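Examining the three-dimensional arrangement
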Amino acid sequence: MDALRSIGMTPFSVILIGVVVLVMLSGIILVVKRYRRCPSNKVLVIYGKVAGAQAAKCLHGGGKFIWPLIQDYAYLTLEPMTIDIELTGALSLKNIRVNVPSTVTVGISTEPDIMNNAAERLLNLRDQEIKDQARDIILGQMRLVIATMEIEEINQNRDKFLQKVNTNVESELNKIGLKVINVNVRDITDASGYIDAIGQKAAAEAINEAKVEVAEAQKKGEIGQVTAVRDKDVSVARLRAESAMGQKEAEKNQRIKVSSYEAEGVAGEAEARRLQEVAVAEQWAKAETGKKNAEREQRVAVAALEADAVGGENQSKASIADANAELARRQAEAKRTGDVALANANRDVLRAEKEAELAKLEKEQLAQIEVEKKKIEVEAEAEAERIRRIAKGEADGVLAKFRAEAEGTQKVLEAKAKGYLELLNACGTKKELAPTLLIIEKLTELVSEQVKAIQNLKIDKITVWDGGGSGSGGSTAGFLKGLIGSLPPMHELARQAGIDLPGVLGQVVDTQATQVASAPPPSAAAPRPRPPTSPAV
């Protein structure tokens, strides 16, 4: 204590300095522990409270301080993931189902936007779960690409197929934060054997051509060793003719087979195999025939040479002359045979082209008929839908009309009920005045109905015999009064309804009693009788 006082420090100052030092050390330790560095094979994902509107911040390389409480972190690995795609039964452009087993290598992308997609959709997922998501996307996109390509194009142009797969799969995998590293197609097969048939056809053609070439080479070598110039020229001419015929025959068969494959598609598998076997048999027969002809000509040439050697030089000269004549004849015959074979080959080619054009025309016409059929079906369905909608609209209109009329009637009845209630309230304790007021309101209509009762009566004339009464107005006035009194009175109608009319409308007077009281006393002279009048209604 004395030492502290000697240097001007108090115990409180020492405690304060110790607290400051402790806080600084704690801060340094916190910074060291919360500062995270990102390895080169990982992506650092910081989530929680981050700058901007993003849900997370991704770093590839470098480091970042992680604020405690408000932030946390996790890592995404960049190691490649290999996914086996067992694609079977994918439908190609010509409706042939193919099997394309492949191996696709994917990984998390290091592009900023795609890294954020990976942080949002793949963080804390196991590798198997990521592979399952990627496998579903890759399968769908590969089926989509195969549906746009023909099976020959997929089999022969692998680069184009892989380019399309990479483009489609890459764009879809980027949505979940992945990128395509490599696509390896292991094999391409089909259930119908179409690819195998194409391979067998090409192999059979190559084998047959090789056999023919070998046989021709052997034939040329043996003939060259044992024959003279004469037989060599004849053989060369014959071989050229046969070569032209074989070439035209092969071209004809090739065009016929190509047209058959294009017209029949998948259903032509069996036909293609049959044509393949026929072609193999034909080529084999040609090869055997050429070989036998070569052997026969070889034997003939050898025998001729031996005969020429025994016959002597003179006979040889004669044979040479005869051979020259025979050579000319055979050259002419060979040329004629070659021309005939060439003409026949051209005829077969034209016939095959004609059949191909007819098949193509028939295919186009059938396609047009199918299009017209579909068009008629669509128009019929549209017309039926239009009729259904018109009927539904008319039914809705009728229903709305009845609803509106019902609502109007209900509102009129409600208004009348409200008016009647206010009328009863206005009458107060004299509720019997309410019917009287209602009848006064309908008085005009009642009088109109009374007038209608007699408006169609035909009254020719009215004759009044005046009895000389001295009442006021005379007998004529009394008659008219009686006539009006004979009409259905309003007071009687009101009395039948159980109501009393107001005094302003007058009072009911007993007409018969009044007439009896005012009648003159009987006199000796009887009054003149009145003729009957037409009844008044």
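Residues numbered from 1 in each chain as written. Predicted model: local features only at pLDDT ≥ 70, side-chain atom pairs only at ≥ 80, totals over all residues. Heavy atoms only, no water.

**A word on the overall build of the chain**
Selection rule: Numbering of helices and strands runs from the N terminus, with a helix taken as a DSSP run of H or I at least four residues long and a strand as a DSSP run of E at least two residues long. Note on classification: 1.4 Å probe, protein chains only; a residue is buried when its accessible area is under 20% of the maximum for its type, exposed when over 50%, partly exposed between these limits. Residue contacts follow a heavy-atom distance rule, with two residues in contact if any of their heavy atoms lie within 4.5 Å. Areas reported here follow the Shrake-Rupley algorithm with a probe of radius 1.4 Å; residue values treat only the protein chains shown as occluding.
Of the regular secondary structure elements, the chain holds 15 helices and nine strands. The proportion of buried residues among the 537 residues of the chain is 21%. A fraction of 68% describes how many contacts in the chain between residues 6 or more apart in sequence connect residues 24 or more apart. Accessible area for the chain stands at about 37,100 Å²; split by element, carbon and sulfur atoms hold 58% of it.

**As for unusual backbone geometry**
Although it is not a glycine, asparagine 124 sits at a positive phi angle of roughly 65°. Within the fold, asparagine 124 resides in the loop between α3 (112-121) and α4 (127-146). Among the residues examined, asparagine 124 registers a relative accessible area of 65% and is labelled exposed.

**Side note on the sheet that holds strand β3 (residues 56-59)**
Rules: Paired strands are those between which DSSP finds at least two bridges. In this description, a line fitted to the C-alpha atoms serves as the axis of each element, helices being fitted only across the stretch in contact, and the angle between N-to-C directions of two axes falls anywhere from 0 to 180 degrees.
Taking strand neighbours across the sheet as the criterion, the three strands line up as β3-β2-β5 in an open arrangement whose pairing is antiparallel. In the strand order of this sheet, the two ends are held by β3 and β5 (71-77), each with one partner. The mean inter-strand angle of the sheet, taken between neighbouring strand axes irrespective of direction, is 25°. The sheet contact formed by strand β2 (residues 42-48) and β5 spans seven bridges and is antiparallel. Within β5, the position partnered with valine 45 by the bridge is alanine 74. Lying over the sheet, α3 contacts β2, β3 and β5, oriented at roughly 125° with respect to β3.

**With respect to the state of the cysteines**
Rules: In plain terms, two cysteine sulfur atoms within 2.5 Å form what is called a disulfide here.
Considering all chains together, one arrives at zero disulfides under this definition. Cysteine cysteine 38 is unpaired, with the sulfur of cysteine 58 as its nearest cysteine sulfur at 9.6 Å. Overall, the relative accessible area of 8% leaves cysteine 38 in the buried class.

**So, a nonpolar patch on the surface**
Convention followed: For patch detection, residues must exceed 30% relative accessible area and be free of salt bridges, and they are connected within 9 Å for like charges or within 5 Å for nonpolar side chains (Val, Leu, Ile, Met, Phe, Trp, Tyr). The working definition used for a salt bridge is a side-chain nitrogen of Lys or Arg within 4 Å of a carboxyl oxygen of Asp or Glu.
On the surface, a cluster of nonpolar side chains totalling about 450 Å² of accessible area is made up of Ile17, Val21, Leu25, Ile28 and Ile29. With respect to the helices and strands, isoleucine 17 occurs in helix α2 (residues 11-34). Take isoleucine 17: its relative accessible area is 46%, and that puts it in the partly exposed class.

**Side note on the packing of α4 against helix α6 (residues 158-173)**
The test is simple: In this scheme, roughly parallel covers angles under 35 degrees and roughly antiparallel covers those over 145, while 65 to 115 is roughly perpendicular and the rest are oblique. Two helices crossing with the near one rotated counterclockwise from the far one by less than a right angle form a left-handed crossing, whereas a clockwise rotation gives a right-handed crossing. In this classification, the charged set is Asp, Glu, Lys and Arg, the nonpolar set is Ala, Val, Leu, Ile, Met, Phe, Trp, Tyr, Cys and Pro, and all remaining amino acids, among them Gly, are polar.
In contact at an axis separation of 9 Å, α4 and α6 are set at 140° when each is read in the N-to-C sense. Considering the angle they form, α4 stands oblique to α6. Handedness of the α4/α6 crossing: right-handed. Counting all contacts with α4, which are made through Ala134, Ile137, Ile138, Gln141, Met142, Leu144, Val145 and Ile146, the residues of α6 involved are Phe161, Lys164, Val165, Asn168, Val169, Glu172 and Leu173. Looking at the contact of α4 with α6 residue by residue, the class counts come to 11 nonpolar, two polar and two charged.

**Focus: the pairing of strand β6 (residues 81-91)**
Of the pairings in the sheet, the one linking β6 to strand β7 (residues 97-108) comprises nine bridges and is antiparallel in character. For leucine 87, the partnering residue across the bridge sits in β7 and is valine 100. As consecutive antiparallel partners, β6 and β7 are separated by five residues, and within that stretch asparagine 95 has a phi angle of approximately 60°, a positive value.

**Some details on the pattern of salt bridges**
Considering all chains together, one arrives at 15 salt bridges under this definition. A salt bridge links arginine 386 to glutamate 383, with the shortest nitrogen-to-oxygen separation between them at 2.4 Å. Of the two residues, arginine 386 and glutamate 383 both sit in helix α10 (residues 313-427), three residues apart, roughly one turn of that helix. On the accessibility criterion, arginine 386 (43% relative accessible area) is partly exposed. Where glutamate 385 meets arginine 388, a salt bridge forms, and the shortest distance between an N and an O atom there is 2.5 Å. Separated by three residues within a single helix, glutamate 385 and arginine 388 lie in helix α10, roughly one turn from each other. For glutamate 385, a relative accessible area of 30% gives the class partly exposed.

**Structural notes on the packing of aromatic side chains**
This is how it is decided: Aromatic contacts are taken between Phe, Tyr and Trp rings whose centres are within 6.5 Å, Trp giving its six-membered ring; a plane angle under 30 degrees counts as stacked, one over 60 as edge-to-face, and the others as tilted.
Per the counting criterion, the structure on display carries one aromatic pair. For the pair tyrosine 73 and tyrosine 75, a centre-to-centre distance of 5.9 Å together with 80° between the ring planes defines the contact as edge-to-face.

**Thoughts on the nonpolar core**
Selection rule: Each nonpolar core is a collection of buried residues, namely Ala, Val, Leu, Ile, Met, Phe, Trp, Tyr and Cys, held together in the definition by side-chain atoms within 4.5 Å.
Within the largest apolar cluster, 44 residues are counted, with the highest numbers of intra-cluster contacts made by Val100, Ile138, Phe161, Leu173 and Leu178. When residues in this core are grouped by element, the largest group, six residues, is from α4. Non-local contacts of isoleucine 138, meaning those with residues more than four positions away in its chain, are made with Ile83, Ile85, Val104, Val106, Val169 and Leu173. The next biggest cluster of nonpolar side chains, apart from the first, holds six residues, and it includes Leu44, Ile46, Leu59 and Ile66.

**Topic: the confidence of the model for the chain**
Heads up, the condition is: What pLDDT reports is the predictor's confidence in each residue, on a scale of 0 through 100.
Mean pLDDT over the chain stands at 76; residues scoring 70 or higher make up 76%. Considering only residues more than four positions removed or in separate chains, one finds that residues 513-519, a stretch of pLDDT under 50, has one contact. Scored below 50 in pLDDT, residues 521-537 shows 14 contacts in the model against residues more than four places distant or in partner chains.

**Focus: the environment of aspartate 136**
Structurally, aspartate 136 is set in helix α4. Residues aspartate 136 and isoleucine 85 lie 51 residues apart in sequence; the distance between their C-alpha atoms is 9.3 Å.

**Re the side chain of threonine 103**
The test is simple: In protein, a polar contact means a hydrogen-donor-capable atom and an acceptor-capable atom, both N or O and within 3.5 Å, with residues adjacent in sequence counting only if both atoms are side-chain atoms; elsewhere, any N or O pair within 3.5 Å suffices.
Relative to the assigned elements, threonine 103 resides in strand β7. The buried category is assigned to threonine 103, whose relative accessible area is 15%. At a separation of 3.5 Å, a polar atom in the side chain of threonine 103 contacts the side chain of aspartate 84. At 2.7 Å, the side chain of threonine 103 and the side chain of arginine 186 are in polar contact. Threonine 103 has contacts with Thr82, Ile83, Asp84, Asn182, Val183, Asn184 and Arg186, leaving out every residue within four places of it along the chain.

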